[in-house]
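Here is what each chain is made of, one letter per residue.
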Amino acid sequence: MKAIVLFGSPGSGKGTQAKLLTGCLGVPHISTGDMLRERVLQGAELAQTATAMQSGLLVSDELVNGIVEERLARPDAAEGFILDGYPRTLPQARHLRAWSEDRGVREVVIHLVVDYNIVIARLTGRRQCPRCGTLYNLVLKPPQRDNLCDLDGQTLTARNDDNEQAIEERLDTYERETSPVLEYYRTTPAAMLDVDGSQEPPERVSEQICLSLKNR
Ligand code: AMP
C-alpha cells in the first residue's frame, strides 16, 4: 500500500494530475481543498474557515488532520490513495508520517515543478464545472462553447480564491508554510520524485508519473 503525496505550489496541476492518476493507479483522489469547500457549502464549518480559504490562508492543522484521518479510514482507501493539497505544513507532514508508520504504509512524494509565470496563467484562467468538476483554463484549455462545460453544458465558475489578491496570498503562504515540507521530505526516507509539471498536455505528465511509480 502506498500513500502518494502530490506536492507543488498552487497552480502546479495537483488536482489535474490526481484525477488522471486515479485512472492509472486505481486508488482514490483525496483533496483537502475539495473536502473543505464541500464542508463550507454544507455549513459544517465555521465562518472563520471560509474566510481563511477565501483569502488564501491555511485553515488549522487540527481541522485538516482530523478530516484526512476520517477520510483515510474509509474502505476505498485501504489499498492506497493520492493526497492532493495535504500535507501543507510541517505538523501535517509529521502527522501523516506517524499515521503511515503505524500502518506500515510507504509515502511517495511527487513534486510538480512549474515555472512561476505558468502558475499565474493557470490560476487566473482556471474555471470549473460546478456539476461534474471538470477543470478548464480560458487560455490553455478553453471549453468548446464560451464558458460552458463540454460534458454537461453547465456554466463554468471560477473559484472564489482565484482572484489576484488571494492568488498572491496563496503563493506567499506556500513559500512560508508549505515549502519547508519539501525539505522535510528530502531529508527523511520518503521516496521523492521531481517532475516537470509544465509539460502540455497534462496527460504527458501523468504518463511519466505513472510509469515511474510502476517501476518502483
Ligand atoms: P486547494 O484546493 O488545495 O488549493 O485548497 C484551497 C484552500 O483550502 C487553501 O488555500 C486553504 O485555505 C485550504 N486548505 C486546503 N488544504 C489545506 C491543508 N492541508 N492545510 C490547511 N489548509 C488547507
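First, a word on scope: everything that follows refers to the structure included in this document.

## Regarding the packing of aromatic side chains
All told, the structure shown has 3 aromatic pairs when counted by the stated rule. With 6.2 Å between their ring centres and 50° between their planes, F7 and Y174 make a pair best called tilted. Pair noted here: F7 is in strand β1 (residues 2-7) and Y174 is in helix α7 (residues 164-186), with a separation of 167 residues, a long-range link. Under the relative-accessibility criterion, F7 is labelled buried at 2%. With centroids separated by 5.7 Å and ring planes inclined at 75°, the aromatic side chains of F81 and W99 adopt a geometry described as edge-to-face. With F81 in strand β3 (residues 80-84) and W99 in helix α5 (residues 90-103), the pair connects residues that are 18 residues apart, well separated along the chain. Taken as a pair, F81 and W99 share a single burial class, namely buried.

## Re helix α6 (residues 116-125)
Here α6 has its buried residues at V119, R122, L123 and G125. In this fold, the buried residues of α6 make contact with β5 (126-128), β6 (135-137) and α7. Near the N-terminus of α6, the side chain that reaches the backbone nitrogen of N117, with its oxygen 3.0 Å away, is that of D115.

How each quantity is defined
- Residues numbered from 1 in each chain as written.
- Predicted model: local features only at pLDDT ≥ 70, side-chain atom pairs only at ≥ 80, totals over all residues.
- Heavy atoms only, no water.
- Phe/Tyr/Trp six-rings, centres within 6.5 Å; stacked < 30°, edge-to-face > 60°.
- Helix = DSSP H or I, 4+ residues; strand = E, 2+ residues; numbered from the N terminus.
- Buried < 20%, exposed > 50% of the residue type's maximum accessible area, 1.4 Å probe, protein only.
- Contact = heavy atoms within 4.5 Å.
- Polar contact = N/O pair within 3.5 Å; in protein donor to acceptor, adjacent residues only side chain to side chain.

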